[in-house]
Protein chains: 2
Amino acid sequence: MSTSSAEPRRGAGTDAAAVRPPIREALVAAAFRLFVERGYEETTVDDIVALAGVGRRSFFRYFPSKEDVVFPDHERCLADMKAFLAAAPEDADPVRRVCDAARLVLRMYAENPEFSVQRYHLTKKVPGLRAYELSVVWRYERALAEYLHARLGGRPDGILHADVIAAAVVAAHNNALRSWLRSRGRDDAGAAVDHALGYAQSVFGDVPVPPRGAVPEDVVVVAARRGTPLWQVVREIETAFARD
Amino acid sequence: MSTSSAEPRRGAGTDAAAVRPPIREALVAAAFRLFVERGYEETTVDDIVALAGVGRRSFFRYFPSKEDVVFPDHERCLADMKAFLAAAPEDADPVRRVCDAARLVLRMYAENPEFSVQRYHLTKKVPGLRAYELSVVWRYERALAEYLHARLGGRPDGILHADVIAAAVVAAHNNALRSWLRSRGRDDAGAAVDHALGYAQSVFGDVPVPPRGAVPEDVVVVAARRGTPLWQVVREIETAFARD
């Protein structure tokens, strides 16, 4: 896992065990049992509430629709992500911060591997759930992009860079998530996501984002093919150092 | 516009004017007139066919659902994109190729600015259309990713890199597309997308992708803060050159 001191943590107020009432848990468990046994389309809300032993109104108190019971934790996770980004120190590296924010999503999946793997197979089979999932992914990406807009918006092409970085981070995260789901939740989710996000950070994170008004670090980069005579490389460095 | 010789062109068989029958055009025109006048939800397929002066069955011959009439050209564009990628020479720069493939989408929008701008405002208002659009964007991204999987899959982390590059290229494209739509189709769409894709290429395109079996170019990169004593930089280069 990341050794960052900015490691995302859930606020006490959104601790899963503390806020999730047993009825909600029972509805999710009943729904998934029926989805796996009978199929998603063949299961009605009435079937779910009958198995959970609660009334129809209880279902709709917790979930706006049947689709929402398939993804019961995304709203909480999205709220956690936004809170984590909002709490970022002003001098936080923005690329690292959005990578750490993305880790919250993988952690949610990894909290319950069996459920996550079941849902992965269900979502692949049901086009409506696939569409739902795409809209969820899009909301995560917008949350990351909005934070980056605020951080990078003041520099030339900042909005473009923010959009591209947010999409790249989400794609890296999802690549790791899919690998982990395909391993049936057996691989190390944290290691997979660290590796994937490490790539995104290596691509975008090396570009220092100067705080407003600061002078960027003055670094000269020289690339030379191995075997180039040393005097030729030295002359190039001298020229680069001398340039204004 | 790009000066690439690999500039994407539509095959003769998919030329828009040649294959699109007048009934299809009439249905799209009638649908949009009603969507703008009455609203999307308030318009039925019966209203559309009545205005277009055709039967209900004609509608469903061209469009599986009411949503599809809002995006009448994406299937054709997606097919063009896949054909363009499949026709790529083996030694094509893969990042450049997916950027050129993405240009096909913007070109489709730019062919009919008024229609594209109307649809942009409609899509923002109707959640169902927004979801439909997300699934279309996802299919474009998968087409780019699949081409990149085939090109980069053989190298370490090739699938990860492919997924991240595809997402970044789509995000850059969409950033340019949104800017152009917000200008009500008045800005230069080609210049906007060239600028945005230029950023994606600068981020990913500098990494040379060796053809399979080839020896990668042997380049040494040294970064030094301006003001570092020259002897120290030279020593670092000597060490790098000597390394196996």
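Residues numbered from 1 in each chain as written. Chains lettered and ligands numbered in written order. Predicted model: local features only at pLDDT ≥ 70, side-chain atom pairs only at ≥ 80, totals over all residues. Heavy atoms only, no water.

### Re the overall build of chain A
Next up, step 1: Looking only at helices and strands, chain A has 12 helices and 1 strand in total.
Next up, step 2: Ordered by position from N to C terminus, the α and β elements of chain A give α-α-α-α-α-α-α-α-α-α-α-β-α.
Next up, step 3: Expressed as a percentage of the 244 residues in chain A, the buried residues total 48%.
Next up, step 4: Taking the intrachain contacts of chain A between residues at least 6 apart in sequence as the baseline, contacts between residues at least 24 apart amount to 68%.
Next up, step 5: Carbon and sulfur atoms make up 53% of the accessible area of chain A, which amounts to about 12400 Å² in all. (Helix = DSSP H or I, 4+ residues; strand = E, 2+ residues; numbered from the N terminus. Buried < 20%, exposed > 50% of the residue type's maximum accessible area, 1.4 Å probe, protein only. Contact = heavy atoms within 4.5 Å. Areas by Shrake-Rupley, 256 points an atom, 1.4 Å probe, with all protein chains shown as cover.)

### Structural notes on the packing of helix α6 (residues 74–86) of chain B against helix α7 (residues 94–110) of chain B
Residues and elements named next belong to chain B.
Next up, step 1: Where α6 contacts α7, the two axes come as close as 10 Å, and the packing angle between them is 155 degrees. On the basis of their axis angle, the class for α6 and α7 is roughly antiparallel. The element α6 and its partner α7 pack so that their crossing is right-handed. Across the interface between the two elements, His 74, Arg 76, Cys 77, Asp 80, Met 81, Phe 84 and Leu 85 from α6 touch Arg 97, Val 98, Asp 100, Ala 101, Ala 102, Leu 104, Val 105, Met 108 and Tyr 109 from α7.
Next up, step 2: The class makeup of the residues in the contact of α6 with α7 is 11 nonpolar, 1 polar and 4 charged. (Axes fitted to C-alpha atoms, helices over the stretch in contact; angles between N-to-C directions. Parallel < 35°, antiparallel > 145°, perpendicular 65-115°, else oblique. Left-handed = near helix turned anticlockwise from the far one by under 90°. Nonpolar A, V, L, I, M, F, W, Y, C, P; charged D, E, K, R; others polar.)

### A look at the UniProt feature "DNA-binding region" (unreviewed entry) in chain A
Next up, step 1: Following the UniProt record, the feature "DNA-binding region" (unreviewed entry) maps to residues 44–63 of chain A here.
Next up, step 2: With 75% helix and 0% strand, residues 44–63 of chain A has its two end C-alpha atoms placed 14 Å apart. (UniProt positions renumbered as here; feature names shortened; annotations may be inferred.)

### Considering empty space enclosed by the protein
Residue and element names in this part refer to chain B.
Next up, step 1: Tallying each qualifying case throughout the model produces 1 cavity of 30 Å³ or more.
Next up, step 2: As a volume, the largest cavity reaches approximately 40 Å³.
Next up, step 3: In this structure, the largest cavity is lined by His 74, Glu 75, Leu 78, Val 136, Arg 139 and Tyr 140.
Next up, step 4: For the lining of the largest cavity, the per-class residue count stands at 3 nonpolar, 1 polar and 2 charged. (1 Å grid on protein atoms, 1.4 Å probe; cavity = no way out; pocket = protein on both sides within 12 Å on 5 of 7 lines; lining within 4 Å. Points joined across faces, edges and corners; volume = space filled by probe spheres on them.)

### Some points on the environment of His 149 of chain B
Next up, step 1: Topologically, His 149 of chain B is positioned in helix α9 (residues 127–152).
Next up, step 2: Sequence separation of His 149 of chain B and Ala 162 of chain B is 13 residues, and the distance between their C-alpha atoms is 5.7 Å.

### Notes on the nonpolar core
Next up, step 1: By size, the foremost hydrophobic cluster in this structure holds 144 residues, and its most contacted members are Phe 204 of chain A together with Phe 204 of chain B.
Next up, step 2: Apart from residues no more than four positions distant in its own chain, Phe 204 of chain B is found in contact with Tyr 199, Val 203 and Phe 204 of chain A together with Val 95, Val 164, Ile 165 and Ala 168 of chain B. (Core = buried A, V, L, I, M, F, W, Y, C linked by side-chain atoms within 4.5 Å.)

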